[in-house]
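# Secondary and tertiary structure notes
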Amino acid sequence: MTTFLHDTTTIFRREFVTVVREPLGLVFEMGQPLLFLFLFGSLLDGAVGSSWQWFVPGILVMMCLTGPMSSGYNLLVELIGGSMERLMVTPVNRTALLIGRALKEMAILFAQALLIIVLALPLGFELHLAGAVAGVAMLIVFGVGLGSLSFVLAMRSAPSGELFYVVTQGLLFPLLLLSGVLLPMDSGPAWLRVAGDVNPVTYVVEAQRALFAGDLADVSVLYGAAMSFAVAALGLWLSNRAMRRGV
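Residues numbered from 1 in each chain as written. Predicted model: local features only at pLDDT ≥ 70, side-chain atom pairs only at ≥ 80, totals over all residues. Heavy atoms only, no water.

### Concerning the overall build of the protein
Counting its secondary structure elements, the protein contains eleven helices and zero strands. Listed N to C, the secondary structure of the protein is α-α-α-α-α-α-α-α-α-α-α in terms of helices and strands. At 18 Å, the protein has a C-alpha radius of gyration in line with the 18 Å of a compact globule built from 247 residues. With the principal axes as the frame, the protein shows a C-alpha extent of 55 × 35 × 35 Å. By the burial criterion, 45% of the 247 residues in the protein qualify as buried. (Helix = DSSP H or I, 4+ residues; strand = E, 2+ residues; numbered from the N terminus. Rg over C-alpha atoms; globule rule 2.2 N^0.38 Å. Buried < 20%, exposed > 50% of the residue type's maximum accessible area, 1.4 Å probe, protein only.)

Right, dumping it as structure tokens:
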């Protein structure tokens, strides 16, 4: 266990140092969520009740999708360049290779979520601390699963990488739009609502809105938590199996 923790910490530091050296990447990554927050969110004022309580959780879920789903890109670059192959011949625990990377992505997601929440407060967003803590924790669990699945996709896409781009770009916007992140699904046609009901992200979005409204006992929180843990368990199992079998 001590070796595993040491290896995980080593990989986390290795991955995080690139973020520190290139902070502009994070700035550009935050550009889209901030635009949606300040421009699109203002258009919804009064259209969906308490618009900021409704919209801010959606923005957080959007970041949880766009960040972790693309986290496999760095792994894909290393696979194509050969640096990952050299790392695999070291005695570093292979599971730690994944957990360290996932923790880096979750640290970034946590910092971004805090920034969005802080910036939303002057706009009228009301903070319910217990719900916010539970909401961010759920997002981290969900993000771990998405990131792990992204790693699996990266390993399956090497060396061309085409599969990675096709799948991530092909899934991202349907998952976002059919989850009701930006607009309510209630006013859509029946077939669109059915599509939303089978979208796993929908349950996470509804749970986030209940939590950030301070309603921790809402049944949607249970469904969202179950979906988040299911995605995390599936992603970690598949990525760990793929890594142990060899890249």
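### Remarks on the packing of aromatic side chains
Within the structure shown, the criterion is met by four aromatic pairs. Between Phe12 and Phe16 the ring centres are 5.5 Å apart and the planes differ by 20 degrees, which places this aromatic pair in the stacked class. With Phe12 and Phe16 both in helix H1 (residues 2-21) and four residues apart, this pair spans about one turn of that helix. Looking at Phe12, the relative accessible area reads 25%, which means it is partly exposed. You can call Phe16 partly exposed: its relative accessible area is 29%. Between Tyr73 and Tyr165, the ring centres sit 6.5 Å apart and the planes meet at 50 degrees, which makes this aromatic pair tilted. (Phe/Tyr/Trp six-rings, centres within 6.5 Å; stacked < 30°, edge-to-face > 60°.)

### Digging into the nonpolar core
Leu60, Leu65, Ile116 and Phe142 are the most contacted members of the largest nonpolar core, which totals 37 residues. Among the elements of the structure, helix H2 (24-43), helix H3 (51-69), helix H6 (94-120), helix H7 (129-157), helix H8 (162-177) and helix H10 (200-212) are those that each provide at least two residues to this core. At twelve residues, the largest contribution of residues to this core is made by H3. (Core = buried A, V, L, I, M, F, W, Y, C linked by side-chain atoms within 4.5 Å.)

### With respect to the side chain of Thr8
Relative to the helices and strands, Thr8 resides in helix H1. Not counting the four nearest positions on each side in its chain, Thr8 is found in contact with Ala96, Ile99, Gly100 and Leu103. (Contact = heavy atoms within 4.5 Å.)

### Details of the side chain of Arg101
Along the chain, Arg101 turns up in helix H6. Take Arg101: its relative accessible area is 3%, and that puts it in the buried class. Those residues in contact with Arg101 that lie beyond four places of it in its chain are Ile11, Arg14, Glu15, Asn74, Leu75, Glu78, Met84 and Phe151.

### What about the packing of H7 against helix H11 (residues 219-245)?
Angle between the axes and distance between the axes are the two parameters that describe a pair of packed helices. Closest axis-to-axis distance for the H7/H11 pair is 7 Å, and the angle between their directions is 30 degrees. If you check the angle between H7 and H11, you find them roughly parallel. Where H7 crosses over H11, the handedness of that crossing is left-handed. Classifying every residue of the contact of H7 with H11 by side-chain character gives 17 nonpolar, six polar and one charged. (Axes fitted to C-alpha atoms, helices over the stretch in contact; angles between N-to-C directions. Parallel < 35°, antiparallel > 145°, perpendicular 65-115°, else oblique. Left-handed = near helix turned anticlockwise from the far one by under 90°. Nonpolar A, V, L, I, M, F, W, Y, C, P; charged D, E, K, R; others polar.)

### Observations regarding the packing of H6 against H7
Packing of H6 against H7 leaves a shortest axis separation of 9 Å and a crossing angle of 135 degrees. Overall, the two elements H6 and H7 adopt an arrangement that is oblique. For the pair H6 and H7, the crossing hand works out as right-handed. When H6 is examined against H7, the residues Leu98, Arg101, Ala102, Met106, Leu109, Phe110, Ala113 and Ile117 are found in contact with a partner set consisting of Val136, Leu139, Ile140, Gly143, Val144, Phe151 and Met155. A per-class count over the contact of H6 with H7 returns 13 nonpolar, one polar and one charged.

### Brief notes about the environment of Arg193
Inspection of the secondary structure assignment puts Arg193 in helix H9 (residues 190-197). Between the C-alpha atom of Arg193 and that of Gly180, which follows or precedes it by 13 residues, the distance is 9.6 Å. In contact with Arg193, not counting residues within four places along its chain, are Met185, Asp186 and Gly188.

### Looking at the pattern of salt bridges
The final tally for this structure, using the stated rule, is three salt bridges. Residue Glu15 pairs with Arg14 through a salt bridge whose shortest N-O separation is 2.7 Å. In this structure, the salt-bridge partner of Glu105 is Lys104, at a minimum N-O distance of 2.9 Å. The pair Glu105 / Lys104 is uniform in exposure class, with both members buried. (Salt bridge = Lys/Arg side-chain N within 4 Å of Asp/Glu carboxyl O.)

### A word on the confidence of the model for the protein
The pLDDT averaged across the protein works out to 84; a share of 93% of its residues lies at or above 70. Taking the mean pLDDT of every element in the protein, the minimum, 75, falls on helix H5 (residues 83-88) and the maximum, 93, on H10. (pLDDT = per-residue confidence, 0-100.)

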